[in-house]
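Residues per chain, in single letters:
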Amino acid sequence: MDFYEFNKFAGGLLLAGIVTIFIGMFGNTLVPKHDGGHGAELNEADMAAAAPATRAKPAGPEPIIGMLAEADIARGESITKKCTACHTFDEGGAAKQGPNLYNIVGADIAGREGFSYSNAMAEQEGDWTYDSLNAFLFKPRGFIKGTKMNFVGLKKARDRADLIAYMRSLSASPQPLPESGALAPAKEGATEPKASLTAAPDRKQVAAESGASVLNVAPGVNSRFDWNFSLIGTAAAAESDKSLAERLAAADPEAGKKVWNKCKACHTIDKGGKKRIGPNLWNIVGADVGAREGFKYSKAMLAFGGQWTYERLDAYLTKPRGVVKGGKMAFVGLKKAKDRANVIAFMRLMADEPQPLP
């Protein structure tokens, strides 16, 4: 090999070396070296920290027990429009793709005679409780896998509460609501005086100790209803500096008619009006308790007895389930004394001969 050929060979080797070094340096900038895997761990941790956090899906439906006492029955009826393609809700209604749902709250699951349930539904045991209806209406196919129910469900708790409250009303004897403590848990640290249900004190004794007047209740009756009524009647009187007579004298029947809108889902008040969930209330002021013909009253209301005096109506409308424990009245009550006076003034006028004001 002459000197010229040797220079060419040496130059080629030198060029190859330079190219190799350059490629190595450039490659390191593209793919960083990892120190025994430690760098990889840091990289994964960085990636995890940078990744957007995923929101955990709720395990199940929000409970609605606490919403039932104040649920909007009329709104619940409007929600049934989502259901009427497959169900009927009237008493004795025919089955469609799904069974008739009259008196469904508290009924046996898959207990409608003449309807062909899916195997999944037929295998279910127990009743349609408030909790099971809540879970089923949230996601039918999640609660009972294999059901033929195609409805996607109601995701809003308020919608489920209103619908269930409406379905509860579709019965001659609606299922009792859970105890008041379950419906509206007391705030931490709050206390509430409780009266004895086994030995109710005499009404005159209660009046003397509390400073209240003896309330107009059925003569000779000193039951637990008198005691509950006395306690709540006293509380109602203490709510306002004005006496009931003064509040009624200043009441606005037109404003009371607006308050009445809270009642019309369950009652009629026109003369000769039909019963609904509750009885017709035409000429109710001064009328006998539990005396509307054709309406099936609870045992608790019949035991309450007496007449609907102004004092009794005021106390009852404050907290119905507190005055008549075990009654079917689901309404939570009117806490404002002015609202009660206004609605009583309106109801007073719904009569051929309105009762004299006190």
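What you see is a predicted model; the values in this text were computed from it and never measured. Note that residues are indexed from 1 along each chain, following the sequence as it is written. The model is predicted, so local features are restricted to residues of pLDDT at least 70 and side-chain atom pairs to those at 80 or more, both for listing and for counting; the totals for chains, interfaces and linings are taken over all residues. As a rule here, side-chain values come from all non-hydrogen atoms in the structure, and water together with hydrogens is ignored.

Visitor: Outline the overall build of the chain, supporting the account with residue identities and numerical values.
Guide: Within the chain one finds 16 helices and zero strands. With a 1.4 Å probe rolled over the protein chains alone, any residue whose accessible area is under 20% of its type maximum counts as buried; one over 50% counts as exposed, and the rest are partly exposed. Buried residues in the chain amount to 37% of all 358 residues. Should any heavy atoms of two residues lie within 4.5 Å, those residues are counted as being in contact. Within the chain, counting contacts between residues at least 6 apart in sequence, those at least 24 apart form 53% of the total. For the chain, the accessible area works out to roughly 22,200 Å², and carbon and sulfur atoms hold 56% of it. Helix and strand assignments come from DSSP, with helices taken as H or I runs of at least 4 residues and strands as E runs of at least 2, each series counted from the N terminus. Surface accessibility in these figures is a Shrake-Rupley result with a 1.4 Å probe; residues are shielded only by whichever protein chains are displayed.

Visitor: An account of the layout of surface pockets is needed here, citing residue identities and associated values.
Guide: Cavities and pockets are found on a 1 Å grid laid over the protein atoms alone: a cavity is a set of points where a 1.4 Å probe fits but cannot escape, a pocket is an open set with protein on both sides within 12 Å along at least five of seven lines, and a lining residue has an atom within 4 Å of such a point. Grid points are joined across faces, edges and corners, and a volume is the space filled by probe spheres set on the points. The computed volume of the second largest pocket comes to approximately 1,100 Å³. Contributing to the lining of the second largest pocket are 49 residues, with C266, H267, M329, A330 and F331 lying nearest its centre. At the level of elements, α3 (73–79), α7 (157–169), α14 (310–318) and α16 (337–349) are the ones that each hand at least two residues to the lining of the second largest pocket. Counted by class, the lining of the second largest pocket contains 32 nonpolar, eight polar and nine charged residues. Lys, Arg, Asp and Glu make up the charged group, whereas Ala, Val, Leu, Ile, Met, Phe, Trp, Tyr, Cys and Pro make up the nonpolar group; the residues left over, Gly among them, are polar.

Visitor: Tell me what's going on with the packing of helix α5 (residues 130–138) against α7, and back it up with residues and numbers.
Guide: Comment: axis = line fitted to C-alpha atoms, over the contacting stretch for helices; angle = value between 0 and 180 degrees taken between N-to-C directions. Taken N-terminus to C-terminus, the directions of α5 and α7 make an angle of 130°; their axes are 10 Å apart at the nearest point. Our classification of the angle between α5 and α7 gives oblique. Here α5 runs over α7; the crossing is right-handed. Contacts from Y130, L133, N134, L137 and F138 in α5 reach R160, L163, I164, M167 and R168 in α7. Residues that form the contact of α5 with α7 fall into these classes: seven nonpolar, one polar and two charged. Angles below 35 degrees are treated as roughly parallel, those above 145 as roughly antiparallel, those between 65 and 115 as roughly perpendicular, and all remaining angles as oblique. Note on convention: the crossing is left-handed when the near helix lies turned anticlockwise from the far helix by less than a right angle, right-handed when the turn is clockwise.

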